[in-house]
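As a plain string of letters, each chain reads:
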Amino acid sequence: MNLIITTILFSPSLKKLQGGSSFAVLLGLGLIVLTIFATIFMIYSYRFLLKRRTKEFGLYNILGLKKRHIVRISILELFMMFLATVIAGTVLGIILAKFFYLIFIHLLGENYFDLQWSPLAVMIVTVIFACIYLLLMIISSFSIRRQSSLELLKNASKGEKEPKSRGILALLGIVSLAIGYYLAVTVTSPLDALTKFFIAVLFVILGTLLFYLSFTIWLLKRQKKNKDYYYQPKHFIIVSSLLYRMKQNAVGLANITILVTMTFVTLATTVGLYSSINGFLDDYFVRNTIINVNTTQQQSNAFIDQVAEKNGIPLKHKIVYEMSNSIIGAMSHGKFENKQKLSSLTAVNFMTADTYKQLTGKSVHLKDNEAIVFPAVGSFNESSVQFGHHTFNIKDKINGIRNFPSISLTASNWLILIVNSKSQIQPVLDAASKASGRQYALGFETTISADVTAKDAKKLNLVLSDYLVDGNKPIQRIDEGKMISGTAPSLRSYDEMHQQFLAFAGGFLFIGLVLGFTFILGTALIIYYKQISEGEQDKRSFEILQEVGLSGEEVRQTIRSQVLLMFFLPIAVAIVHFGFAFIMIQKLISLFGATRFSLLLLTSAGTIAVVAAIYYIIYKQTSRAYYRIVER
């Protein structure tokens, strides 16, 4: 997996794709995550295998080999495994890189399918794994040297003491989960979700670990005290068995839960983002081309018509409206402040009653201190809104404006206020301009939406880049040899933005699929090792139970109940984690424009169903190893 990502990252083919530098950043981040993941799981796997071989190493020591000889054996074995890893990994990585690259190109909507191989990729991944194996050699040497021969012989069969019930830690675990869940469900904006996300993740990880380490033990102890429940053959065996080695199981169960949750979040987020592209663009583009000119409607309309006619570009189904420049600040309880507070960041635009009538055909009558509010992104339920010394009473609240975007390109909440006239809000714009230290004064800009062919849109965009607009001053060409100020008219086309969004979301989805697949592999690895270690521990216990009179059928039923509980508890907890994280995920995805709740809910449910099905297959396959050991 590391070599697949690195091969694509360092391939000259990547530079030939549109937005190749952005994809390189995404692939680089994915490589970092995969490398960390590989290191953790190589250590986890090797420590498991090392523990199973301690008896063998102890026997070598008793038969006459010194510890330095045993260390040398383990290092030689690791070196041989390293060579096998490099050879097999290189061959499989290069072959599969072609296949993954085809998926990558398809997701990006590109058509350059020739992946050029880079020797640098193999060198980098080889060095990474050489460092990991060196770390394993250090772990092996330290582990063998610090234990006596007797400890080495007995270590593999050493049991766990029954853990003590720690009510305080159990409570701390529930409190940690509650804080993480609270942070997830109380986010108010996309940027607020971004700042709180990692804090919530840390609390949930801590809470998950304490839930298994302390809360489950506390609960099992409570069940043990309940004589009516505990003194039944089925419950007696399950509770005693789980309680006896829950401390060892807890970390594995917590790891499985966190990995499954990470898989849910990664796949649901990236699939949701990719599948929302068309819906987002449909909400943003009233027509397939949008032109913004930073001046009055009359001047803008005449200018665009003149330039389009001069260059033979027809503008079909044209919609024109005037609106103030955005002022961005913190909105709290109806009070707007010119400061950047992420938790309540809001973009506000003003529209006159005349413009509203022009768009919708509806007449509204407003006093100078009244406004109609349209919360395009986010919510607004206050009776008034205050900008410094200027207050507007909310006369009405509407859910949409015809021929107007229902979504914003900004990552903040978006509020549209319909007022009586421009003169009312110019002082508000001046104050916002002064507070932000802008070079240009805030005023009104005109938006022109029209249907234009892709070829004509590119041509018009090129022509408009020759002009500068500065408020109500005449629009001038840059090449007239004068020192002029202002901004060029901006043009956005549906086709161009669709390609940009597809490339961006496709890159994210590819990394999400790779990481999700890797997390599932990690989950399968932990479950497999867990089944083997538990099978070895349970084997003697179930032999004793049969010797004291428990029937073979009762033993099988008890085993089945225990295995089902142990391996479906993590996915149940992971689904609960994801359910609370869903609101935060929705806010995070809206940073990139995707806000459709129903579509995200559908993709999330589909992701959970697919991962749960894969998890069940993993459980069925790995549980065979457990049954084989226990029933032997």
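Since we're looking at a predicted model, the values are computed, not measured.

In terms of helices and strands, the protein carries 19 helices and 13 strands. Residues counted as buried form 47% of the 632 residues belonging to the protein. The long-range fraction of contacts in the protein, counting pairs at least 24 apart against all pairs at least 6 apart in sequence, stands at 80%. Element-wise, carbon and sulfur atoms account for 62% of the exposed surface of the protein, whose accessible area totals about 31200 Å².

Ordered in space as β2-β10-β1-β13, the four strands form an open sheet in which the pairing is antiparallel. The open sheet terminates on both sides in strands that have one partner only, identified here as β2 (316-324) and β13 (490-493). Each strand of the sheet is rotated relative to its neighbour by a mean of 15 degrees, with strand direction disregarded. Bridge analysis of strand β1 (residues 289-293) against β13 gives four bridges, and the strand direction is antiparallel. Bridging across to β13, N292 finds its partner in S490. Running over the sheet, helix α13 (residues 297-310) touches β1, β2 and β10 (444-451) and is turned about 145 degrees from β2.

With that settled, consider the packing of helix α3 (residues 54-62) against helix α4 (residues 67-108). The geometry of α3 relative to α4 is characterised by a closest axis approach of 9 Å and an angle of 140 degrees between their N-to-C directions. Taken together, the axis directions place α3 and α4 in an arrangement best described as oblique. Viewed along their axes, α3 and α4 form a crossing whose handedness is right-handed. Two secondary-structure elements touch here, α3 through F57, Y60 and N61 and α4 through K67, I70 and S74.

Across all of its chains, the model carries two salt bridges by this definition. A salt bridge links K422 to E322; the shortest N-O distance between them is 3.1 Å. Pair noted here: K422 is in helix α15 (residues 422-436) and E322 is in strand β2, with a separation of 100 residues, a long-range link. By relative accessible area, which is 32% here, K422 ends up partly exposed.

It is worth spelling out the packing of helix α1 (residues 2-9) against helix α5 (residues 119-145) at this point. Two elements in contact, α1 and α5, have axes separated by 8 Å at closest approach and are oriented at 145 degrees. Handedness of the α1/α5 crossing: right-handed. Across the interface between the two elements, N2, L3, T6 and T7 of α1 pack against A121, V122, I124, V125 and F129 of α5. When the residues that make up the contact of α1 with α5 are grouped by side-chain class, the tally is six nonpolar, three polar and no charged.

Let's shift gears to a positive patch on the surface. On the surface, K66, R68, R72 and R145 cluster together to form a positively charged patch. By the secondary structure assignment, R72 is in helix α4. R72 gets classed as exposed once you look at its relative accessible area, which sits at 52%.

This brings us to the nonpolar core. By size, the foremost hydrophobic cluster in this structure holds 81 residues, and its most contacted members are L27, F104 and F510. Take this core: its biggest share by element is 17 residues, from helix α17 (residues 494-547). V373, F380, L417 and V419 belong to the second-largest nonpolar core, a separate cluster that totals 21 residues.

The subject of this paragraph is the packing of aromatic side chains. Scanning all chains against the criterion turns up 30 aromatic pairs. Their ring planes at 65 degrees and their centres at 5.5 Å tell us that F82 and Y133 sit as a pair that is edge-to-face. With F82 in helix α4 and Y133 in helix α5, this residue pair connects regions lying 51 residues apart in the sequence. Owing to a relative accessible area of 6%, Y133 belongs among the buried residues under this scheme. Joined through ring pairs, the aromatic side chains of F37, F41, Y44, F519, Y528 and Y529 make up one cluster. The cationic tip of K422 hangs over the ring face of F444; the distance from NZ or CZ to the ring centre is 5.0 Å.

Moving on: helix α14 (residues 353-360). Along α14, the residues that are buried comprise A353, T355, Y356, L359 and T360. Along the axis of α14, the buried positions cluster into a sector of 160 degrees, meaning they face one direction only. Elements in contact with the buried residues of α14: β2, β5 (345-352) and β9 (413-419). Positive backbone phi, at 80 degrees, marks G361, one or two positions downstream of α14.

Bringing the sheet that holds strand β8 (residues 390-397) into the picture now. Ordered in space as β3-β4-β7-β8-β6-β9-β5, the seven strands form a closed barrel in which the pairing is mixed. The average undirected angle you get between the axes of adjacent strands in this sheet is 40 degrees. Contacts between α14 and the sheet are confined to β5 and β9, with β5 contributing the most and set at about 85 degrees to the helix.

With that settled, the discussion passes to the confidence of the model for the protein. Close inspection of predicted coordinates is inappropriate for parts of the model with low pLDDT. Taken over all residues, the pLDDT of the protein has a mean of 81, while the share at 70 or more is 87%. Averaged pLDDT values over the elements of the protein bottom out at 60 in helix α6 (residues 149-155) and peak at 91 in α5.

Thresholds, definitions, all that
- Residues numbered from 1 in each chain as written.
- Predicted model: local features only at pLDDT ≥ 70, side-chain atom pairs only at ≥ 80, totals over all residues.
- Heavy atoms only, no water.
- Helix = DSSP H or I, 4+ residues; strand = E, 2+ residues; numbered from the N terminus.
- Buried < 20%, exposed > 50% of the residue type's maximum accessible area, 1.4 Å probe, protein only.
- Contact = heavy atoms within 4.5 Å.
- Areas by Shrake-Rupley, 256 points an atom, 1.4 Å probe, with all protein chains shown as cover.
- Pairing = 2+ DSSP bridges.
- Axes fitted to C-alpha atoms, helices over the stretch in contact; angles between N-to-C directions.
- Parallel < 35°, antiparallel > 145°, perpendicular 65-115°, else oblique.
- Left-handed = near helix turned anticlockwise from the far one by under 90°.
- Salt bridge = Lys/Arg side-chain N within 4 Å of Asp/Glu carboxyl O.
- Nonpolar A, V, L, I, M, F, W, Y, C, P; charged D, E, K, R; others polar.
- Patch = residues over 30% accessible without salt bridge, like charges linked within 9 Å, V, L, I, M, F, W, Y side chains within 5 Å.
- Lys, Arg positive; Asp, Glu negative; His and termini not counted.
- Charge placed at Lys NZ, Arg CZ, Asp CG, Glu CD.
- Core = buried A, V, L, I, M, F, W, Y, C linked by side-chain atoms within 4.5 Å.
- Phe/Tyr/Trp six-rings, centres within 6.5 Å; stacked < 30°, edge-to-face > 60°.
- Lys NZ or Arg CZ within 6 Å of the ring centre and 35° of its normal.
- Arc of directions from axis to C-beta.
- pLDDT = per-residue confidence, 0-100.

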